[in-house]
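# Descriptive structure summary
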Amino acid sequence: MSNLYLGTCSWNYDSWVGLVYTRKYPNAADYLTEYAQHFNTAEIDSWFYKIPDPIEAKRYAENTPDSFIFTCKAYEGICLTHERTWSKPDTLIVNKHFLSTDLYHRYIDAIAPLKEKIGLLMFEFEYLNKDKMESLEMFIEQFHDFYSRIEKPYPIGIEIRNKNYLTPDYFKFLQSEGIIHVFSEKLYMPSVYKVFTQYRDYLGDTLVVRLLGGDRLEIEKTTNKTWNKIVDEKPDKKDIISMSLDTKFSHGKVIINVNNHYEGSAPLTIAALKQIYKSKRDAN
């Protein structure tokens with residue numbers, strides 16, 4: 001299936017030496033040459049925390065083949081309703097750059113050297129409680145206003161982390177704007193397969209799934225952040241592959257990015273997904 005893209009959420013892990021890499025490298029871009037021999041996509045998580053240097057984007061492009069695609073996370077300065085704090089503050093401080101078109105276009109300019117290889121530009125929104133966003137209706141209104149005023153050189157997707165936002169109104173909004181829903185398998189969210197079966201008819205021809213896992217602290221304690229074996233095998237991988245084989249996406253793309261926190265080792269999870277995919281495809 002030439003439209004299936006399997007990769008990881010970030011990739012520069014020394015504990016993948018022996019699984020993916022033959023040795024350690026000094027920086028993330030250097031890992032990509034070997035990485036691309038095993039996977040055909042990657043998610044750039046680090047750009048959520050910064051507007052990248054265009055030189056970095058250029059190196060990512062140079063170190064991957066023409067057929068390779070990236071999912072780029074939009075900069076958090078655009079996606080956070082309030083300023084990030086690492087402890088619970090007495091009062092929330094409004095992020096004046098939330099859904100800023102100026103900041104967005106600065107980001108777009110910075111990633112331009114990667115242009116031909118960007119499969120998705122993803123807006124990841126944190127859990128938006130009532131203090132941060134009054135309602136789904138307000139979120140839709142604000143994102144619609146933002147979306148109507150920006151350049152769109154890449155497919156755009158939204159990852160939402162409010163299970164109560166996953167409603168017909170939300171999916172109708174995405175459908176009307178041509179925005180891709182990013183399915184996220186993570187703590188406190190319903191299973192992606194359940195959401196998929198409920199809202200399949202609202203989806204376009206591109207499926208994007210992030211397998212993020214459950215309690216991050218617990219699996220980091222179990223693995224000691226050494227990501228070279230499965231420690232929490234998940235039973236839903238067959239469902240993920242069933243989604244990817246749906247004929248709805250036969251003329252589009254299926255992008256699945258796996259985090260180490262999902263089962264303990266993203267490369268080994270992907271190896272299992274490939275085997276399940278092969279078995280289901282051959283059975284059909």
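So, a few notes on the structure that sits alongside this text. (Residues numbered from 1 in each chain as written. Predicted model: local features only at pLDDT ≥ 70, side-chain atom pairs only at ≥ 80, totals over all residues. Heavy atoms only, no water.)

## Brief notes about the sheet that holds strand β4 (residues 118–124)
Consider a sheet: its strands pair through backbone hydrogen bonds, and that pairing is either parallel or antiparallel. Spatially, 8 strands are ordered β1-β2-β3-β4-β5-β6-β7-β8 in a closed barrel, and the strand pairing comes out parallel. Ignoring strand direction, the axes of neighbouring strands in this sheet form an average angle of 25 degrees. Note that strand β3 (residues 69–73) and β4 share 4 bridges and pair parallel. Paired with Phe 70 across the two strands is Ile 118, which belongs to β4. The strands that helix α4 (residues 101–110) touches are β3, β4 and β5 (156–159); relative to β4, the one it contacts most, it runs at about 150 degrees. (Pairing = 2+ DSSP bridges. Helix = DSSP H or I, 4+ residues; strand = E, 2+ residues; numbered from the N terminus. Axes fitted to C-alpha atoms, helices over the stretch in contact; angles between N-to-C directions. Contact = heavy atoms within 4.5 Å.)

## Remarks on the pairing of strand β8 (residues 253–258)
Taken across its 6 residues, β8 has 5 buried, putting it largely inside the fold. Sheet topology places strand β1 (residues 4–9) next to β8; 5 bridges connect them, and they run parallel. Of the residues in β8, the one forming a bridge with Leu 4 is Val 254. Sheet topology note: the strand β7 (residues 206–213)/β8 ladder contains 6 bridges and is parallel. Directly across from Arg 210, in β8, lies its bridge partner Asn 257. (Buried < 20%, exposed > 50% of the residue type's maximum accessible area, 1.4 Å probe, protein only.)

## A short note on the packing of aromatic side chains
Per the stated rule, a full pass over the model turns up 31 aromatic pairs. When the centroid spacing of 5.2 Å and the interplanar angle of 90 degrees are considered together, the rings of Phe 48 and Tyr 49 count as edge-to-face. What makes Tyr 49 partly exposed here is its relative accessible area of 45%. A centroid spacing of 6.1 Å and a plane angle of 25 degrees characterise the contact between Phe 143 and Tyr 147, whose relative ring orientation is stacked. Separated by 4 residues within a single helix, Phe 143 and Tyr 147 lie in helix α5 (residues 136–147), roughly one turn from each other. (Phe/Tyr/Trp six-rings, centres within 6.5 Å; stacked < 30°, edge-to-face > 60°.)

## Observations concerning helix α1 (residues 28–35)
Of all the 8 residues making up α1, 7 are buried; the element is thus mostly covered by neighbouring parts of the structure. All buried positions along α1 are accounted for by Ala 28, Ala 29, Asp 30, Tyr 31, Leu 32, Glu 34 and Tyr 35. Turning to α1, the residues buried within the fold contact β1, β2 (41–44), α2 (54–62) and β3.

## Let's talk about the side chain of Asp 246
When you line up the elements, Asp 246 lands in the loop between α9 (237–244) and β8. Assessed through its relative accessible area of 15%, Asp 246 is described here as buried. Within polar-contact distance, the side chain of Asp 246 engages the side chain of Arg 200 at 2.8 Å. Filtering out sequence-adjacent residues up to four positions away, Asp 246 remains in contact with Phe 196 and Arg 200. (Polar contact = N/O pair within 3.5 Å; in protein donor to acceptor, adjacent residues only side chain to side chain.)

## Some thoughts on the environment of Asn 284
Within the secondary structure layout, Asn 284 lies in the segment after α11 (266–283). Placed 39 residues apart in sequence, Asn 284 and Leu 245 show a C-alpha to C-alpha distance of 10.0 Å.

## Considerations on the nonpolar core
Ranked by size, the top nonpolar core spans 84 residues in total, and within it Trp 11, Phe 123 and Phe 125 carry the most contacts. Top contributing element to this core by residue count: α5, with 6 residues. Apart from residues lying up to four places away in sequence, Phe 125 is in contact with Cys 79, Phe 98, Leu 99, Phe 139, Phe 143, Ile 158, Glu 159, Ile 160 and Arg 161. Grouped together as the second largest cluster of nonpolar side chains are 8 residues, Tyr 5, Met 122, Ile 180 and Ile 255 included. (Core = buried A, V, L, I, M, F, W, Y, C linked by side-chain atoms within 4.5 Å.)

## Observations regarding the pairing of β3
Where burial is concerned, most of β3 is hidden: 5 out of the 5 residues are buried. Here β2 pairs with β3 via 4 bridges, running parallel. Within β3, the position partnered with Ala 42 by the bridge is Phe 70. In this region the chain leaves β2, passes through α2 and returns to the parallel neighbour β3; the handedness of that crossover is right-handed. (Right-handed = clockwise from strand over helix to strand, strands pointing away.)

Purely spatial values, then, with no claim about function.
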